[in-house]
Structure formats: C-alpha cells, structure tokens
Amino acid sequence: MTDMPAIAATDATRAIAKILLPMAAGGAIARRPTMMRMVDRLNLDAGAIDEMRRLRSKYGPGPVQITPGRRLALVLDPDDVHHILNNTPEPFRPDTKEKRGALEHFQPEGVLISTPEERLKRRPLNEAALQTRQPVHDHAATMSAAIEAETEALLGHVDFAGGLSWRPFAIAWWRMVRQITLGASARDDTATTDGLLRLRQDANTSYLKPTRKKLRARVLASIQDYVERAEPGSLAQMVATVPAEPGVERHQQVPQWLFAFDAAAWATMRALALVSNSPEVVTQLREELAGADQGRPDLPYSRAVILESLRLFSTTPLVLRETTTETEWASGTLPPQSSLVIFAPFFHRDPDHLAEADSFAPELWMRERTDADWPLVPFSGGPGMCPGRNVVLMVSSLVLSRLVSGHDFSGREFPAQRIPPSLDPFSLRFRATRRA
Ligand code: HEM
C-alpha cells in the first residue's frame, strides 16, 4: 500500500480555513463568547460541513491528509469513524499532542491525556465514580434535590424578569454543578470554578502559553479538599471511596468533570430553544416528568431531546486520535504519530445518510444505536467514550424538564425541519410566562 498523499494545497488551505480555524477560534477548552457569536452570525459551522462534503465528493471516502509534514488527516467515512473509536487507545490513542498541551494547564494527571498504560488505571476509576453504565446514578436523589432547589430559584428570577437569558441560567447552573460534583458546601465556591476557568482559557492556546503553576496548584488543592471531605451524595464522595489502583491521583480526575459540565449547560440552553419551537415536544416532557419517580428521575424522552441538541449543535465537534503504529486506509498508509480528526457535525447532519439531518427529531435516540448505524457521536464512542454521559443526560434532562413543566418559553423562532447550523447559547433569550 502506498503512503497517503497530501491533497492539493488549495484544498488543504480551504480545509484548514473553513473547518479547523473556526473551531480553534471559538475556543476548544473554554469557549470565547464573542467568537461564538461570530461563528453563528457568519454561518461558519455550515461552511465547515459543506467543505467536508466537497472533500468527500472530490477525494472519495478514505481519510484526506491535509498537512504533509506532521501528518493530519480528516476522516470522511462512517466505517472509519467506528473503526477508530472502537480501537482506542491502540492503535488510536486519545492523548494527542494538542490535547496534552491544552489539558496539562489544569489536569496533568487526568484520564483524557493519559498514556495507554496510565489509562488502564484512571479510566476504571472514572467509570466507577460516574457509574458510566447506569442511566440513573446512585446519587440521583442528592443531585435531584440540588437541581430542584436551583431551578426553583431560577424560575423565581424568570417570573420577576419575564424571561431567561444566559447569565442567570449560568449562575444557577454552576451552583448546581458545584453541589453535584464537589458537595453541598461548594454551592457558592466560585473561586475554585473561576480559577479553573482561567486555566482553561490558557488551555485554548495549548503549548503556546506557559502554565500558571501557582493557580493550578491552588485549584487542584481546593478540589482535593472536597474529595477528602467526601460530602454525602456528591461525586467527590464517589471518587474518594470507589476502589482504585494504587498511585491514581483521585482528585485529578475531577477538573475534567467540572470543565465538561460547561458543555452540558450549552446543550440544555439550546435544547430549550429547540423545544420552545415544538409545543408537542413540551407536552411530552411535562407528561414524562409528572409520571417520574422524583427521587430517581429517569426521563428517556427528555434525554433524547438533550442528545438531539448535542447532535444538531456539537459541543465536542472535533474528536482527535493519534496513531501508535502504521495504519492502512482506502487512501493509503499513515505512519505512527499521525493525527486523525473526526469532525462530528459532518456526520451528524449528513442528508445523504440521515433523513432527519437538519430536523429536530428526538425519536432518533429512542432506540438503541449500533455500529451498523450512521455515526452519531456526541459523546464519542468505543472504549474512550465519555464516561460521564449518563450523569450529564440525567442532570440536563431534569433541568430542561423542570424549566418547561410550569412555564411557557418562547424565543428565537425556526422551523423544526430546518434547524439552523449554529446556535450561540450565550445570546439566547427567552420570554417566559408561568402557566395558570
Ligand atoms: C454535554 C456534555 C458532555 C459531552 C458532549 C461530553 C463529550 C465527551 C467527549 C466527546 C469526550 C472525548 C472522548 C474521546 O476522545 O473519544 C469526553 C471525554 C470525557 N468526558 Fe465527557 N462530555 C460531557 C460532559 C461530561 C461530564 C459532565 C463529565 C463528568 C461528570 C464527563 C467526563 C468525561 C471524562 C472523564 C472524559 C475522558 C474519558 C477518557 O479519556 O477516557 N464528560 N466527553
């Protein structure tokens, strides 16, 4: 098999400008709201998806290599997506050079940037603490109580203001997340989450900015305190008490959880925008919540709505892998240490393979999906798949259902069959009225 050739320089430049640069500009680790607004206004997500389609029709399904020096190839074929994700961490390791450079700013011993050997110890700890395979976490009652208290307070504000915008939503969200993750006493500990945010902002530039070692030590020490305190019903208690191999830094797994709850906030706010255009969906959400066990809320339909928000508006648009050995593809071989880029929005909205491509269709998620299906990978897939997905879906679905159960929301209007390619969560605004 021949070495994979780089594509024409003009196509490579277009691919970098239209697909990779807008993603980097939006902020890979901490979103930049002004850039997100611009990405939305200029329709850059749609441009990136179109560019991927153009590349596939010009070069065929094999990955296309866009940088000749250090190899970087864009994946275009659904079978390649499944193959790469299912064969993580070898020969496709998730701890790519770019990710290590970025995440070392705030979690040098986190699972996502572990070597394949370190991963063997850290991944099981994450799965045990987050109860990856359980739709409803054992700490659901405590989580649900925090969600109820904070959404009630938020809805009080909504009644007073006559609507909802990003800022009050984000304040309530982070109060909830700190309680769920670190413990009840962390509700107002903005110093820890703001410190983490500053480190994440540095992480956007990967290696280019030196790490603020003092701030990192302070944030990690604060998280470690919460883990040692192990407040009942928190994820900190889980990570402190589940079995783990000797030498695993338990508290160092937690920054990723806090960081990733940001994406869940955008997904929830966007889901609210989607459902506020679909009254029949709101009716189903209300009925489901009314019939649920409030102590262990399992809301499959509401979870499907959140998954649909994540399909239509990816919060992790780029899933990256680095090869550990030579690998073979329809378009040629790649040497070890080549980067592979899965651009999820391209697969999530492909009209040639998904009748619902640009429609809001929660029912897509109401059945088990397999590798025979077209890849929809909001949480990635295979052994590296997000271990927090069930916690995220539980928290976000409950927040969404609680918000809409007693209020009618209206905001940006769009037809449910033609969902816009981008939806900047920071500029969303809703009018709201309490139901009689
Ligand atoms: C909407 C919210 C979220 C989305 C869309 C999401 C998605 C993802 C994706 C795509 C990955 C990368 C997997 C890969 O490289 O193949 C990932 C990794 C991870 N996520 Fe999430 N995530 C979310 C929230 C969370 C939350 C709230 C937690 C914890 C409470 C969490 C825990 C993790 C961990 C620990 C990893 C690293 C897994 C590993 O490398 O083995 N995520 N997530």
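Since the structure is predicted, the reported quantities are computational estimates derived from the model, not experimental observations.

## Description of the sheet that holds strand β2 (residues 72-74)
Here's step 1: Read across the open sheet, the 5 strands follow the order β1-β2-β8-β5-β3; overall the sheet is mixed. At either end of the open sheet lies a strand with only one pairing partner, and these are β1 (64-67) and β3 (92-93).
Here's step 2: Note that β1 and β2 share 3 bridges and pair antiparallel. Bridging from a neighbouring strand, Thr67 pairs with Leu72 of β2.

## With respect to the packing of helix α8 (residues 166-181) against helix α16 (residues 389-406)
Here's step 1: Their axes nearest at 12 Å, the elements α8 and α16 cross at an angle of 135°. Looking at the two axes, α8 sits oblique to α16. Note on packing geometry: the crossing formed by α8 with α16 is right-handed. In contact with Phe169, Trp173, Met176 and Ile180 of α8, α16 contributes Val395, Ser396, Val399 and Leu403.
Here's step 2: Here the residues of the contact of α8 with α16 are counted per class, giving 7 nonpolar, 1 polar and no charged.

## Describing the coordination of the iron atom of the ligand
Here's step 1: What the protein offers the iron atom of the ligand as a donor is a single atom, Cys386 (SG), at 2.3 Å.
Here's step 2: With respect to the element layout, Cys386 can be found in the loop between α15 (344-348) and α16.

## Quick look at the nonpolar core
The nonpolar side chains of a soluble globular protein tend to be buried with one another.
Here's step 1: If you look at the biggest cluster of nonpolar residues, it comprises 98 residues, and the most contacted ones within it are Phe169, Trp173 and Val275.
Here's step 2: The biggest single contributor to this core is helix α12 (residues 254-275), with 16 residues.
Here's step 3: Those residues in contact with Phe169 that lie beyond four places of it in its chain are Leu154, Leu164, Ala265, Thr268, Met269, Val399 and Leu403.

## As for empty space enclosed by the protein
Here's step 1: As enumerated under the stated definition, the model contains 1 cavity of 30 Å³ or more in all.
Here's step 2: Put simply, the largest cavity is a space of about 30 Å³.
Here's step 3: Glu150, Thr151, Leu154, Phe169, Ala172, Trp173, Met176 and Val399 together form the lining of the largest cavity.
Here's step 4: Listing elements by their share of the lining of the largest cavity, those giving two or more residues are α7 (140-161) and α8.
Here's step 5: Broken down by element, the residue count for the lining of the largest cavity peaks at 4 residues, all from α8.
Here's step 6: Classifying every residue of the lining of the largest cavity by side-chain character gives 6 nonpolar, 1 polar and 1 charged.

## Section: the sheet that holds strand β10 (residues 429-434)
Sheet strands associate in pairs through backbone hydrogen bonding, adopting either a parallel or an antiparallel arrangement.
Here's step 1: With antiparallel pairing, the 3 strands of this open sheet are ordered in space as β4-β10-β9. Only two strands of the sheet have a single neighbouring strand rather than two, namely β4 (163-165) and β9 (407-410). For this sheet, the mean inter-axis angle between neighbouring strands, taken without regard to orientation, is 30°.
Here's step 2: Two strands pair when backbone bridges link them, and β4 and β10 are joined in this way by 3 bridges, in the antiparallel orientation. Bridge pairing in β10 links Ser165 to Arg429.

## Considerations on the UniProt feature "binding site: heme" (unreviewed entry) in the chain
Here's step 1: The feature "binding site: heme" (unreviewed entry), as annotated in UniProt, sits at Cys386 in this numbering.
Here's step 2: Using a relative accessible area of 24% as the deciding quantity, one classes Cys386 as partly exposed.

## Notes on the packing of aromatic side chains
Here's step 1: For the coordinates displayed, the defined rule picks out 9 aromatic pairs.
Here's step 2: Measuring from ring centre to ring centre gives 5.0 Å for Trp166 and Phe426, while their planes differ by 90°; the resulting arrangement is edge-to-face. Taken together, the residues Trp166 in helix α8 and Phe426 in the loop between β9 and β10 connect sequence positions 260 residues apart.
Here's step 3: With a centroid separation of 6.1 Å and 50° between ring planes, the pair formed by Phe347 and Trp374 is classed as tilted.

Calculation notes
- Residues numbered from 1 in each chain as written.
- Predicted model: local features only at pLDDT ≥ 70, side-chain atom pairs only at ≥ 80, totals over all residues.
- Heavy atoms only, no water.
- Pairing = 2+ DSSP bridges.
- Helix = DSSP H or I, 4+ residues; strand = E, 2+ residues; numbered from the N terminus.
- Axes fitted to C-alpha atoms, helices over the stretch in contact; angles between N-to-C directions.
- Parallel < 35°, antiparallel > 145°, perpendicular 65-115°, else oblique.
- Left-handed = near helix turned anticlockwise from the far one by under 90°.
- Contact = heavy atoms within 4.5 Å.
- Nonpolar A, V, L, I, M, F, W, Y, C, P; charged D, E, K, R; others polar.
- Donors = N, O, S within 2.8 Å, 3.2 Å for Na, K, Ca; no water.
- Core = buried A, V, L, I, M, F, W, Y, C linked by side-chain atoms within 4.5 Å.
- Buried < 20%, exposed > 50% of the residue type's maximum accessible area, 1.4 Å probe, protein only.
- 1 Å grid on protein atoms, 1.4 Å probe; cavity = no way out; pocket = protein on both sides within 12 Å on 5 of 7 lines; lining within 4 Å.
- Points joined across faces, edges and corners; volume = space filled by probe spheres on them.
- UniProt positions renumbered as here; feature names shortened; annotations may be inferred.
- Phe/Tyr/Trp six-rings, centres within 6.5 Å; stacked < 30°, edge-to-face > 60°.

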